[in-house]
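Coordinate inspection notes
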Amino acid sequence: MRAFLFGGSGVWTMSESINWQPSATQEMLQARACLYAAIREFFTRRAVLEVDVPMLNRGTVPDLNIDSVPVRLSAVAGQHYLQTSPELFHKRLLAAGSGPIYQLGHVFRDEPSGRYHQPEFVLLEWYRPGFTLEGLMDEVVALLRHVGLERPVQRVTYQQAFARWVGIEDVLHADSSVLRAAASAHGIDLVEDLGEEPLPWLHLLQAQVLEPALRTEGAVLITAWPAQQAALARLDPAHPELALRFELYVDGIELANGYDELRDPVEQRARFSAELAQRKREARPVNVDEAFLDALDAGLPACCGVALGIDRLLMVLTGAQQMRDVVAFAIAD
Amino acid sequence: MATISTSEFKSGVKVLLDGDPCTIVENEFVKPGKGQAFSRVRLRNLKTGRVLEKTFKSGDSVEAADVMDTEYQYSYSDGELFHFMHPESFEQIAADETAMGDALKWLKGQEMVTLTLWNGVPISVSPPNHVSLAITETDPGVRGDTATGGTKPATLETGAVVRVPLFLDVGDVIRVDTRTSEYLSRAKD
């Protein structure tokens, strides 16, 4: 498309223009509006309070695999970050006695766009004080039904998922040689070896073998993740090598991540410190949210929480093949 | 040598892989929400034409390949090498049989072709999408049969063999799609 632009010389010049039109169709905009209305109805009926916390924060999560978008304001001193999830603010609300809360809002991650990725996307996040992880998974399934997703639901452990779909019997104790052999057997041709730590191999097999295998499995809830992948989940007191965390896949698309939330401020600080130390070694430091840690000191009520990707849910509901088709304006490649 | 990081990967970017120049056909970003990010990349080896799939860890980088496509005019073959001339600079360049590949069977001389140069050396030759060539050998034409849709093999002046409608004869000039080896029409002279 050609368009006239007003050039610096004060004359109109011809230039390649950016397509100004939305990347989603009118029908898709309507489908999104219906989905939002259904979600709000679901939580209103269950007396979960809608909240709207800031996107800007002075600190962020140091998670090694999630990069925040740093922001500098000229009018306010100090480093800020666009939030990768409302989690830190939500936990401060919970510690302040908010009771059950949910939010439907935009979050940001410094990563490329792709079929299932946009650096800015919409997350539905909610917290349930007093719920068990099982109870929260039941509520996730109820929400899926409420918005019209009728897939059969399976619940499997991480260990079972890798045995069934990746072909590794005891993934919790598999070393890098076992995982490397599995990757190779599944035809993954790595340009550079991932080394002797099991973790990157587990992520590789999850993304390249497990996810494609789940495309024909409907909705799958994967529970009992290795403690090393606990993120902000509590470890299972009965099995400390496992984290009380679940992930929801629908048609092989990762839709949601839920935790029985870590409340112990000492353990939370230790996890952040380890991540911050690694980030320092990799020269990509961030500031953590000290107010969040202070809130844990004050006391987070026992609760479970989950974050669900709304753009991906909309893809599943409408059969859209690309995330750019479900967002009003996709980021330019 | 310039390097290219996975964040710069997109269709058409040329990289060196195991010493061979490749063009990226497709790059898919894959990442578990709480996990390591990867780039799943489909590449075409520009020397062999083979398409391969490779996985890069996000942030990995790879050497850029100095590859560019340039229009040249095919001049002649000396029996061993194929010679081309740049239409403006008149610079001469020669390609070997491997680089010439299948293009040979469509070229008579004087056509404009696209040379893919790696470090200035031709590694592949793309003929025009459509060429007009005379039939040198085929079964006698069935006059008037323009409707039955039957075909027969015909050898063209460059040696290529394509399937043509039954009514065509030796000496007829036809247009062919070089990408599919399909007959398109009689050439209008």
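Parameters at a glance
Residues numbered from 1 in each chain as written. Chains lettered and ligands numbered in written order. Predicted model: local features only at pLDDT ≥ 70, side-chain atom pairs only at ≥ 80, totals over all residues. Axes fitted to C-alpha atoms, helices over the stretch in contact; angles between N-to-C directions. Helix = DSSP H or I, 4+ residues; strand = E, 2+ residues; numbered from the N terminus. Parallel < 35°, antiparallel > 145°, perpendicular 65-115°, else oblique. Left-handed = near helix turned anticlockwise from the far one by under 90°. Contact = placed C-beta atoms within 7 Å. Nonpolar A, V, L, I, M, F, W, Y, C, P; charged D, E, K, R; others polar. Buried ≥ 20, exposed ≤ 12 C-beta atoms within 10 Å, placed from the backbone. Arc of directions from axis to C-beta. Expected span 1.5 Å × (residues − 1). Domains from an automatic or database assignment.

Angle between the axes and distance between the axes: these two values describe a pair of packed helices. Residues and elements named next belong to chain A. Interhelical geometry of helix α5 (residues 176-185) versus helix α6 (residues 198-213) gives an angle of 25° and a closest axis separation of 9 Å. It follows that α5 is roughly parallel to α6 by the angle criterion. Of the two elements, α5 crosses α6, and the hand of that crossing is left-handed. Between α5 and α6, the residues in contact are Ser176, Leu179, Arg180, Ala182 and Ala183 and Pro198, Trp201, Leu202, Leu204 and Leu205, respectively. The residue makeup of the contact of α5 with α6, split by class, is eight nonpolar, one polar and one charged.

Moving on, we come to the packing of helix α4 (residues 158-166) of chain A against α6(A). All names here are of chain A. Running from N to C, α4 and α6 point in directions that differ by 75°, and their axes come no closer than 9 Å. By the angle class used here, α4 and α6 are roughly perpendicular. Taking contact as the criterion, the partners of Ala161, Trp165 and Val166 in α4 are, on α6, Leu205, Val209, Leu210 and Ala213. Looking at the contact of α4 with α6, its residues break down into seven nonpolar, no polar and no charged.

Here we come to α5(A). Residues and elements named next belong to chain A. By the burial criterion, the buried members of α5 are Leu179, Arg180, Ala182 and Ala183. Around the axis of α5, the buried residues are gathered within 160° of arc, so they sit on the same side. Exposed side of α5, more than 90 degrees from the buried face: Ser177, Ser184 and Ala185 are the residues found there.

Residue and element names in this part refer to chain B. Residue placement: Ser61 occurs in strand β6 (residues 61-63). With 93 residues separating them in the primary sequence, Ser61 and Ala154 have C-alpha atoms 49 Å apart. When sequence neighbours within four positions are dropped, the list of residues in contact with Ser61 reads Thr3, Ile4 and Ser5.

Phi is positive for A:Ala231, which is not a glycine, with a value near 55°. For A:Ala231, the position within the fold is in the loop between β10 (219-226) and β11 (235-236). In this structure A:Ala231 comes out as partly exposed when scored by C-beta crowding, with 18 C-beta atoms within 10 Å. The phi angle at B:Asp18 is positive, at roughly 50°, despite the residue not being glycine. Examined against the element boundaries, B:Asp18 turns out to sit in the loop between β2 (14-17) and β3 (20-30). The exposure class assigned to B:Asp18 is exposed, which follows from the 9 C-beta atoms found within 10 Å.

For helix α7 (residues 265-281) of chain A, which comprises 17 residues, the first-to-last C-alpha distance of 24 Å matches the rise-based estimate of 24 Å (1.5 Å per residue) to within 8%. A positive phi of about 55° marks A:Ala283, the residue just after α7(A).

This part takes up the interface of chain A and chain B. Where the parts come together, the accessible area they lose is often given as the size of the interface. Tallying the contact residues gives 23 residues for chain A and 20 residues for chain B. Among the secondary structure elements, those contributing two or more residues to the side of chain A that touches chain B are α6 and β13 (253-260) of chain A. Broken down by element, the side of chain A that touches chain B gets its largest block of residues, six residues, from α6(A). Partitioned by chemical class, the residues of the side of chain A that touches chain B number nine nonpolar, eight polar and six charged.

We now examine the domain arrangement of chain B. All names here are of chain B. Taken as a whole, chain B is organised into domain 1 (3-63), domain 2 (67-126) and domain 3 (130-186). Computed over C-alpha atoms only, the centres of domain 1 and domain 2 are separated by 28 Å. In this assembly, four residues from domain 1 lie in contact with five residues from domain 2. Here the residues of the side of domain 1 that touches domain 2 are counted per class, giving two nonpolar, no polar and two charged.

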